[in-house]
Amino acid sequence: MKHIIAGVATLLVVWATVYMIGLDKEVNKLDKISKLIESTSMEDSKLKVQTHTNGNSQASATQSTTQQDNDVANKVKALKEKAGNIAAFATSTLYKKSCASCHGNIGQGIIGPKIIGRDKTYLLNALKDFKSGKRKNYVMYGLLGNLDDSQIEELAGEIGTFQAKLDEATK
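Right, let's walk through the structure included here.

Conventions used here
Here the residue numbering is sequential within each chain, running from 1 through the sequence in written order. Thresholds applied to this predicted model are a pLDDT of at least 70 for local features of residues and 80 or more for the giving and counting of side-chain atom pairs; totals over whole chains, interfaces and linings are not thresholded and use all residues. To obtain the side-chain values, all non-hydrogen atoms of the structure were included, while hydrogens and water were left out. The secondary structure listing takes helices from DSSP runs of H or I that are at least 4 residues long and strands from runs of E that are at least 2 residues long, numbered from the N terminus. The classification of residues rests on relative accessible area computed with a 1.4 Å probe and restricted to protein chains. Under 20% of the type maximum is buried, over 50% is exposed, and intermediate values are partly exposed. The contact criterion used throughout is that any non-hydrogen atoms of two residues lie within 4.5 Å. Working definition of accessibility: Shrake-Rupley area with a 1.4 Å probe, residue cover restricted to the visible protein chains. The distinction between a cavity and a pocket rests on a 1 Å grid over the protein atoms alone: a 1.4 Å probe fits inside a cavity but cannot get out, while a pocket stays open yet meets protein on both sides within 12 Å along at least five of seven lines, and a residue with an atom within 4 Å of a point counts as lining. Grid points are joined across faces, edges and corners, and a volume is the space filled by probe spheres set on the points. Charged residues are taken to be Asp, Glu, Lys and Arg, nonpolar residues to be Ala, Val, Leu, Ile, Met, Phe, Trp, Tyr, Cys and Pro, and polar residues to be all remaining types, Gly included. Any Lys or Arg side-chain nitrogen located within 4 Å of an Asp or Glu carboxyl oxygen qualifies as a salt bridge. Think of a nonpolar core as a cluster: buried Ala, Val, Leu, Ile, Met, Phe, Trp, Tyr and Cys residues, connected wherever their side-chain atoms sit within 4.5 Å. Note on ring pairs: Phe, Tyr and Trp rings are taken, using the six-membered ring of Trp, and paired if centres are within 6.5 Å. Classes follow the plane angle, with under 30 degrees stacked, over 60 edge-to-face and the rest tilted. In this scheme, the term charge over a ring applies when either NZ of a lysine or CZ of an arginine sits within 6 Å of the ring centre and within 35 degrees of the ring normal. Only residues whose relative accessible area exceeds 30% and that take part in no salt bridge are eligible for patches, with like-charged residues grouped when within 9 Å of each other and nonpolar side chains (Val, Leu, Ile, Met, Phe, Trp, Tyr) grouped when within 5 Å. Multiplying 1.5 Å by the helix residue count minus one yields the expected span of that helix. The directions from the helix axis to the C-beta atoms are what the arc is built from.

Here we come to the overall build of the protein. Scanning the protein from terminus to terminus reveals 8 helices and 0 strands. Each helix and strand of the protein, placed in order from N terminus to C terminus, yields the pattern α-α-α-α-α-α-α-α. The buried share among the 171 residues of the protein stands at 20%. When contacts within the protein are restricted to residue pairs at least 6 apart in sequence, long-range pairs at least 24 apart make up 46% of them. Of the roughly 12,800 Å² of accessible surface on the protein, 60% is carried by carbon and sulfur atoms.

This is the structure in structure tokens:
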């Protein structure tokens, strides 16, 4: 009996080693791909600068590069402002726990559909249909089975306000 257990343990160790070697190879492939992407983007920017300097004078190339830098700076500023506004978009713990993993932090949809912009009545009916099994979705059925009617109504009401909150946050 000891020999059988030792043999099984040895086989498991060998299998785990082979599996880890396979994972190592995949990681190395990903590293190579990221280095290739990185080198390609560097070459692309060098080509743009060379095109500007070969086709036009050095001054126009510098002006074009400055314009590109300004465009990038403006885009980064806009993204930072938008990110700050969306970070201010508060949702309840109930929504975060029950809905956000599939529907996103603001209902924009990730693996679940987009729910931002839906009104409370539509959402309440949909949630009740999922809970009763009238609409078939096992994930929703499982999640809503643990919630009582007041929590479902609270979720529908909260999600129904998402569009107005987003409009206010992005002004």
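Having seen it, we continue.
In this structure, the largest pocket encloses a volume near 420 Å³. Put simply, the parts of the chain that give the lining of the largest pocket at least two residues each are α4 (100–103), α5 (120–132), α6 (138–144) and α7 (149–160). If one sorts the elements of the lining of the largest pocket by residue count, α5 sits on top with 5 residues. Here the residues of the lining of the largest pocket are counted per class, giving 16 nonpolar, 5 polar and 3 charged.

The subject of this paragraph is the pattern of salt bridges. Enumeration over the complete set of coordinates arrives at 2 salt bridges. Between E153 and K120 there is a salt bridge, and its shortest N-O distance comes to 3.8 Å. Of this pair, E153 sits in helix α7 while K120 sits in helix α5; the two residues are 33 residues apart in sequence, bridging distant segments of the chain. Across the salt bridge formed by K131 and D149, the nearest N and O atoms sit 4.0 Å from each other. Taken together, the positions of K131 in helix α5 and D149 in helix α7 put the pair 18 residues apart, joining distant regions of the chain.

All right, on to the nonpolar core then. Residues Y95, L127, L144, L147, I152, L155 and I159 are the most contacted members of the largest nonpolar core, which totals 21 residues. Those residues in contact with L144 that sit more than four places away from it in its chain are L127, F130, K131 and I152.

Further remarks concern the packing of aromatic side chains. Applying the stated rule across the entire model yields 1 aromatic pair. Centre to centre, the rings of Y95 and F162 are 5.0 Å apart; their planes meet at 85°, and the pair counts as edge-to-face. Taken together, the positions of Y95 in helix α3 (residues 93–98) and F162 in helix α8 (residues 162–169) put the pair 67 residues apart, joining distant regions of the chain. Taking relative accessible area as the criterion, Y95 reaches 0% and is therefore assigned buried. Over the ring of Y122 we find R118; its NZ or CZ atom is 4.3 Å from the centre of that ring.

Note that H103 resides in helix α4. Residues contacting H103, with those up to four places away along its chain left out, are Y95, Q108, G109, I110, G112, P113, I115 and M140.

A few words now on a nonpolar patch on the surface. A contiguous nonpolar patch, built from M1, I4, I5, V8 and L12 and spanning about 560 Å² of accessible area, is present on the exposed surface. Along the polypeptide, I4 turns up in helix α1 (residues 2–55). Assessed through its relative accessible area of 56%, I4 is described here as exposed.

Compared with an ideal rise of 1.5 Å per residue, which puts 12 residues at 16 Å, α7 spans 16 Å between its outermost C-alpha atoms and is within 8% of the ideal. Along α7, the residues that are buried comprise I152, L155, A156, E158 and I159. Viewed along the axis of α7, the buried residues span an arc of 165°, placing them on a single side of the element. In this structure, α7 carries D149 and S150 as exposed residues pointing more than 90 degrees from its buried face. Turning to α7, the residues buried within the fold contact α3, α5, α6 and α8.

Honestly, it's all geometry; don't read function into it.
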